[in-house]
Amino acid sequence: MSAACPDFGSTSEVSLYYAVEPSTATEDLAGATMTWHQVPITGESMDAALTSAVSEQITANRSYANSRLVQGEVTGGFNFEAQAGNFFYDMLICVLQANKLLAASGSGNWASGSIQNGSTKHCLAFVKRVRVSATKFDWYIFRGCQVGSLSLNIAPNALITGAVTVMGVRPQAPIEDAAKPANWTLTDVPVAPLMSGTDSLQDFDIKVNSTSTGVTMQNLTITLENQLRQQQAVGLGHPFSAGIGSGRFSATYAGQAYYANPAIFASFLADEKLNIAGDLVDADGDGLSFASDFVKVTSGSLPMASAPDQDLMIATEFQAFETSSTGTIKITKVIGT
């Protein structure tokens, strides 16, 4: 018989936290001393996807014989609204694989100055908490995680939103219907002003030979990508990966621009080298500046009059390439006065 008043879960009862993965092999984080930092999610898809192989054995009774769990992957990610602060800066360090300590380690060393893409992997643990009663929760733990990509979407009359993808080595057995483990500390996200497309993107410019193209973007997406891959192996005793491999780092810019002149298309046609730079700051003046000194147009269009009484737009994409001055992309922390 079902309960007279069923109480099913709600997305409002889900919280997500991250921590630096312990440097020593720790089989069970439930008993470890951990400081977890809240992720300011607007949505999440953290999962441990499982796959079984079904036997192809031919049976006399025309039935399937059996199956076996053979593969598992920790994948997914989360969406957020951009705010200056330790979470945002930690995710940037992770996706850039920059040689800096995370603030979540308790000894972060990016107090000021710049970072750029490198090859220093940062290993995180995530925990998804699902409330089941006033004092009890289900805890889903993901181990050996790295940030695969981070994107920022900047649109007019809207908050700046972001998305992070994650790839991990394995999950840990969930903790069911329990209070917070005794040695865990959960840290909430500090309150900070939200960034918006209205006033947070400042001094954005695309230049050719140090001369501004004068482009005005209607919207802009910045995507940083590590092209991670699962490293599968035999003899592990579990169906999950042995490790996470990194591919080539890429930084791309994309968006729609108001048509004023053929500068962008002419640069594409001439295969010219561009540079792109701008700032993302909140109402307190905190945030970051970004710069890529070697950029090429990789996709573009001529303006087209697709309908009457519309703005004439061009859609364009840019990819950044490595230089000694900015790497593929250089990000500088901006601290308000």
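In this report, the structure presented in the accompanying data block is examined. (Residues numbered from 1 in each chain as written. Predicted model: local features only at pLDDT ≥ 70, side-chain atom pairs only at ≥ 80, totals over all residues. Heavy atoms only, no water.)

### Overview of the overall build of the protein
- If you tally the helices and strands in the protein, you get two helices and 22 strands.
- Along the first, second and third principal axes, the C-alpha atoms of the protein reach 70 × 60 × 50 Å.
- Looking at the protein as a whole, 40% of its 337 residues are labelled buried.
- Across the protein, every contact between residues at least 6 apart in sequence was considered, and the portion connecting residues at least 24 apart equals 68%. (Helix = DSSP H or I, 4+ residues; strand = E, 2+ residues; numbered from the N terminus. Buried < 20%, exposed > 50% of the residue type's maximum accessible area, 1.4 Å probe, protein only. Contact = heavy atoms within 4.5 Å.)

### Some thoughts on the pairing of strand β7 (residues 124-131)
- The element β7 is extensively covered by neighbouring structure, given that seven of its eight residues are classed as buried.
- Between the end of β7 and the start of strand β8 (residues 137-154), which pair antiparallel, lie five residues. (Pairing = 2+ DSSP bridges.)

### Focus: the nonpolar core
- Counting residues in each nonpolar core, the largest one holds 60 residues, and the members touching the most others are Phe-78, Phe-126, Leu-224, Phe-290 and Ile-331.
- Broken down by element, this core gets its largest block of residues, nine residues, from helix α1 (residues 86-96).
- Every residue in contact with Leu-224, bar those within four places of it in the chain, is listed here: Leu-92, Val-95, Leu-96, Gly-148, Ser-149, Leu-150, Phe-249, Ser-250, Ala-251, Ile-329 and Ile-331.
- Ranked by size, the runner-up nonpolar core spans 14 residues in total, among them Tyr-17, Leu-29, Met-34 and Trp-139. (Core = buried A, V, L, I, M, F, W, Y, C linked by side-chain atoms within 4.5 Å.)

### Points about the layout of surface pockets
- Its volume calculated, the largest pocket comes out at about 280 Å³.
- Of all the secondary-structure elements, those providing two or more residues to the lining of the largest pocket are β2 (34-38), β5 (67-81) and α1.
- Per element, the largest residue contribution to the lining of the largest pocket is four residues, and it comes from α1.
- Here the residues of the lining of the largest pocket are counted per class, giving 13 nonpolar, six polar and three charged. (1 Å grid on protein atoms, 1.4 Å probe; cavity = no way out; pocket = protein on both sides within 12 Å on 5 of 7 lines; lining within 4 Å. Points joined across faces, edges and corners; volume = space filled by probe spheres on them. Nonpolar A, V, L, I, M, F, W, Y, C, P; charged D, E, K, R; others polar.)

### Points about the packing of aromatic side chains
- This structure, assessed with the given rule, holds 14 aromatic pairs.
- Centroid distance Phe-78 to Phe-126: 6.0 Å. Interplanar angle 50 degrees. Geometry classified as tilted. Remark: Phe-126 occurs in strand β7 and Phe-78 occurs in strand β5; sequence separation between them is 48 residues.
- Judged by its relative accessible area of 0%, Phe-126 is buried.
- Put simply, the rings of Tyr-18, Phe-78, Phe-80, Phe-87, Phe-88, Tyr-89, Trp-110 and Phe-126 pair up and form one aromatic cluster. (Phe/Tyr/Trp six-rings, centres within 6.5 Å; stacked < 30°, edge-to-face > 60°.)

### Concerning empty space enclosed by the protein
- Scanning all chains against the criterion turns up one cavity of 30 Å³ or more.
- By volume, the largest cavity is sized at about 80 Å³.
- Every residue along the wall of the largest cavity is listed here: Leu-92, Leu-150, Leu-152, Ile-222, Leu-224, Leu-280, Leu-288, Phe-290, Ile-329 and Ile-331.
- Put simply, the parts of the chain that give the lining of the largest cavity at least two residues each are β8, β15 (220-225) and β20 (287-299).

### Description of the environment of Glu-317
- In this structure, Glu-317 sits in strand β21 (residues 313-320).
- Using a relative accessible area of 40% as the deciding quantity, one classes Glu-317 as partly exposed.
- In this structure, the C-alpha to C-alpha distance between Glu-317 and Gln-256, residues 61 residues apart in sequence, is 8.8 Å.
- Filtering out sequence-adjacent residues up to four positions away, Glu-317 remains in contact with Tyr-253, Ala-254, Lys-296, Val-297, Thr-298 and Ser-299.

### Digging into the pairing of strand β18 (residues 250-258)
- Two elements, strand β14 (residues 216-217) and β18, share two bridges in a ladder whose sense is antiparallel. Looking at the pairing, Met-217 lines up with Ala-257 of β18.
- The pairing of β15 with β18 spans five bridges and is classified as antiparallel. Paired with Leu-224 across the two strands is Ala-251, which belongs to β18.

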